[in-house]
Amino acid sequence: MTARSLSRPSPRLLTMGVAATLALGLLGEGAAAHVVSASAATPPAGAAVTTTDSETDRSSAQRGLRIVPTGDTVQGYTFDGFVYVDSQVWLGAYGESHEFLAKRATASAPATVTKTVIRGNKRTTTKVPAALVDGLDGLKNGLTVKIATPKGKVLLEETRSLCPGGWDRQRIQPTGRTEPVYPSLCGGSWFTKSTVFGIEEGWAARLDAFFQVETKRTDLVMTTTVNDDVANLLGLPAKGRSVTQKLKIVDECELWGCEGVADQLLGESAEGFSTLAGQDAQSTRAESLRAQGGHAGHSEPSGTGHRVNLFTLDSSQAHGGDHPSLGQAGTTPSTKKPAKDSLPDLVSVPAWQIGNEVDEAGIDRLTFNAHEWNAGPGPLVVEGYRRGSAEVMDAYQMFYRDGKEVGSTKTGTMEYHEAPEHDHWHFLDFASYELVTPKGKLVTTSGKQSWCLVPTNAVDLSVPGAVWRPEATGLDSACGERSALWLREVLPVGWGDTYSQHQTQAFDLTGVRNGTYQIKITVNPNGNLHERTTSNNVSYRTVILGGTPGARTVKVPPYEGVDTEEPELVEN
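Since we're looking at a predicted model, the values are computed, not measured.

A. Structural detail: the environment of Gly496. With respect to the element layout, Gly496 can be found in strand 27 (residues 495–501). The sequence separation of Gly496 and Val454 amounts to 42 residues, and the corresponding C-alpha distance is 7.3 Å. Among residues more than four places away in sequence, those in contact with Gly496 are His371, Glu372, Trp373, Val454, Pro455, Thr456, Asn457, Val459 and Leu491.

What follows is the structure, encoded as structure tokens:
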């Protein structure tokens, strides 16, 4: 028998199959950096909390993080010779919140993590030992899952990092925040500078114990354990660190039929930022995962799929404030220079995942990923208003302070992009991609000339005004259907948008000689967008071209000591 494990899907790039506008209403208290305390409540019996005769001691014992199992039996599923099981064990926060800030100085520097316990207005911060830090991915070797037969024969045993937060949160108390505060993921891309993860008081996060085991047995037992070093850091009681549950295995095909079962078993995140891949991506997910032993949901962006924009604008939420009113009066567009504290700061990241392909017409092309992000303190908000019946919109940049609109000005145009797997509106004045010589002479430009802005990747969640949960929206937005009269595109503070350039959007290498070149990425190339500074708008990435027509080669030197061409560095 063989065993393989899968990580929970990353919420960065998902294949959700959404083709129409997604509009989310006001959800509550997302994106807050400081958590409003809820009064302590008694954890459930399964939380393994020790009590004493003293009322004071009881109150103290009930505070902190506790493992919360949801029963003695876990339902698993069998399909195509594999058993799939998911966690039914949670990590709950009682009487206090636990917040983790991960930072690194450069892309190749080791990450440091601080842990902050929040009780009401009191914040106690300690440094997490380096041996327990797994980059931006959480707490190293914090979680072990074992699957065995009733007689103890182990079919799978794996230790992985523990993310104290992540993709699935549920309330465990009727007090405190009505919505989660912390981001719905641990980890980041190679260019991520800092991220935050944690569990809010009165909430619990599901432990990542999602596995597939190649076996025909159905009488299995799963044990989920928070390992001692990490359990000590989290303050878990000695007798409440491990949960053993029986597995009840169900044949999914007999229940519902086999079509689409593999995709469902491999999981889809309940939250996401964009829909990027083609419609056939999900149908091959199970097959590719088994072949690669890879992670669900890590498909690369094609740059051609429907993209759903989820965001929030209220920077005051980072200080425990309320959502702004969505019915506020607008402002009259003006040519007056906007206040600096309402402006974004657009930053270009050097290209990565650079390669070559021969397109459908037999043309050699240089492919690459591009990313531009907003360092704040204001969100980038661009709204389009249709120009009569034409498939053109006049674009306006809107300026916000503390979630309130404080001004706007005309900033360019949007056009409807009619193309396979596009069919939505694009903003024309966001970025430019050029292949240049080392001396800066233009060689060729990318076919990518327009954008639908989406927060796909967190870059730095420690900057002032950073939004922690862009999926918890206070306003709705998408890239628009053909009949749209209006739309809004947004890059929240701390987030950026990744586009992958392939086919006609990549560089045409026809007539380009072998040698050393640079990919030049410029955000806000025409200066139409108002921002705090343009000093960080341009990035360069060296590439060395070789080979022959139809078989060109590409070498990419490391950037800041990081080989950004490694697939796992796309999303840690």
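B. Structural view of the pattern of salt bridges. Scanning the model with the defined rule gives 14 salt bridges in all. Across the pair Glu96 and Arg119 runs a salt bridge, and its minimum N-O distance is 2.4 Å. Linking Glu96 in the loop between strand 5 (89–94) and strand 6 (97–103) with Arg119 in strand 7 (residues 112–119), this pair joins segments that are 23 residues apart in sequence. Judged by relative accessible area, which is 4%, Glu96 ranks as buried. Residues Glu200 and Arg169 are paired through a salt bridge, measuring 3.2 Å at the closest nitrogen-oxygen approach. With Glu200 in the loop between strand 12 (194–199) and strand 13 (203–206) and Arg169 in strand 11 (residues 169–171), this residue pair connects regions lying 31 residues apart in the sequence. The network of salt bridges with shared partners includes Glu158, Arg160 and Asp208.

C. Geometry of the packing of aromatic side chains. Inspection of the entire model under this criterion finds ten aromatic pairs. On the numbers, 5.7 Å between centres and 75° between planes, the contact of Trp190 with Tyr559 is edge-to-face. One end of the pair, Trp190, is in the loop between strand 11 and strand 12; the other, Tyr559, is in the segment after strand 31 (551–555), and 369 residues separate them in sequence. With relative accessibility at 25%, the residue Tyr559 sits in the partly exposed group. An aromatic cluster of three or more residues is present, and its members are Trp190, Phe191, Trp352 and Tyr559.

D. Here's a closer look at the sheet that holds strand 12. Spatial strand order, 8-7-6-12: four strands in an open sheet with antiparallel pairing. Strand pairing shows two members of the sheet lacking a second neighbour, strand 8 (122–127) and strand 12, which therefore form its edges. Across the sheet, the mean angle from the axis of one strand to that of its neighbour is 20°, orientation sign disregarded. In the sheet, strand 6 pairs with strand 7 via seven bridges, with the strands oriented antiparallel. Bridge assignment links Leu101 to a residue of strand 7, and that residue is Thr114.

E. Fine view of the nonpolar core. Leu91, Val128, Ile147, Val226, Leu234, Leu236 and Leu247 are the most contacted members of the largest nonpolar core, which has 43 residues in total. Sequence-distant contacts of Leu236, defined by excluding residues within four places in its chain, comprise Leu65, Arg66, Ile67, Leu91, Val226, Ala231 and Arg241. Listed in part, the 38 residues of the second largest apolar core include Val454, Ala484, Leu487 and Val523.

F. Structural view of unusual backbone geometry. Here Gly376 and Pro377 are connected by a cis peptide whose omega angle stands at 10°. Tracing the backbone shows Pro377 in the loop between strand 18 (364–374) and strand 19 (380–386). At Asn141, a position not held by glycine, the phi torsion is positive, near 50°. Along the chain, Asn141 falls in strand 9 (residues 139–148). For Asn524, which is not a glycine, the phi torsion comes out positive at approximately 55°. Considering the arrangement of structural elements, one finds Asn524 in the loop between strand 29 (515–523) and strand 30 (538–548).

What counts and what doesn't
- Residues numbered from 1 in each chain as written.
- Predicted model: local features only at pLDDT ≥ 70, side-chain atom pairs only at ≥ 80, totals over all residues.
- Heavy atoms only, no water.
- Helix = DSSP H or I, 4+ residues; strand = E, 2+ residues; numbered from the N terminus.
- Contact = heavy atoms within 4.5 Å.
- Salt bridge = Lys/Arg side-chain N within 4 Å of Asp/Glu carboxyl O.
- Buried < 20%, exposed > 50% of the residue type's maximum accessible area, 1.4 Å probe, protein only.
- Phe/Tyr/Trp six-rings, centres within 6.5 Å; stacked < 30°, edge-to-face > 60°.
- Pairing = 2+ DSSP bridges.
- Axes fitted to C-alpha atoms, helices over the stretch in contact; angles between N-to-C directions.
- Core = buried A, V, L, I, M, F, W, Y, C linked by side-chain atoms within 4.5 Å.

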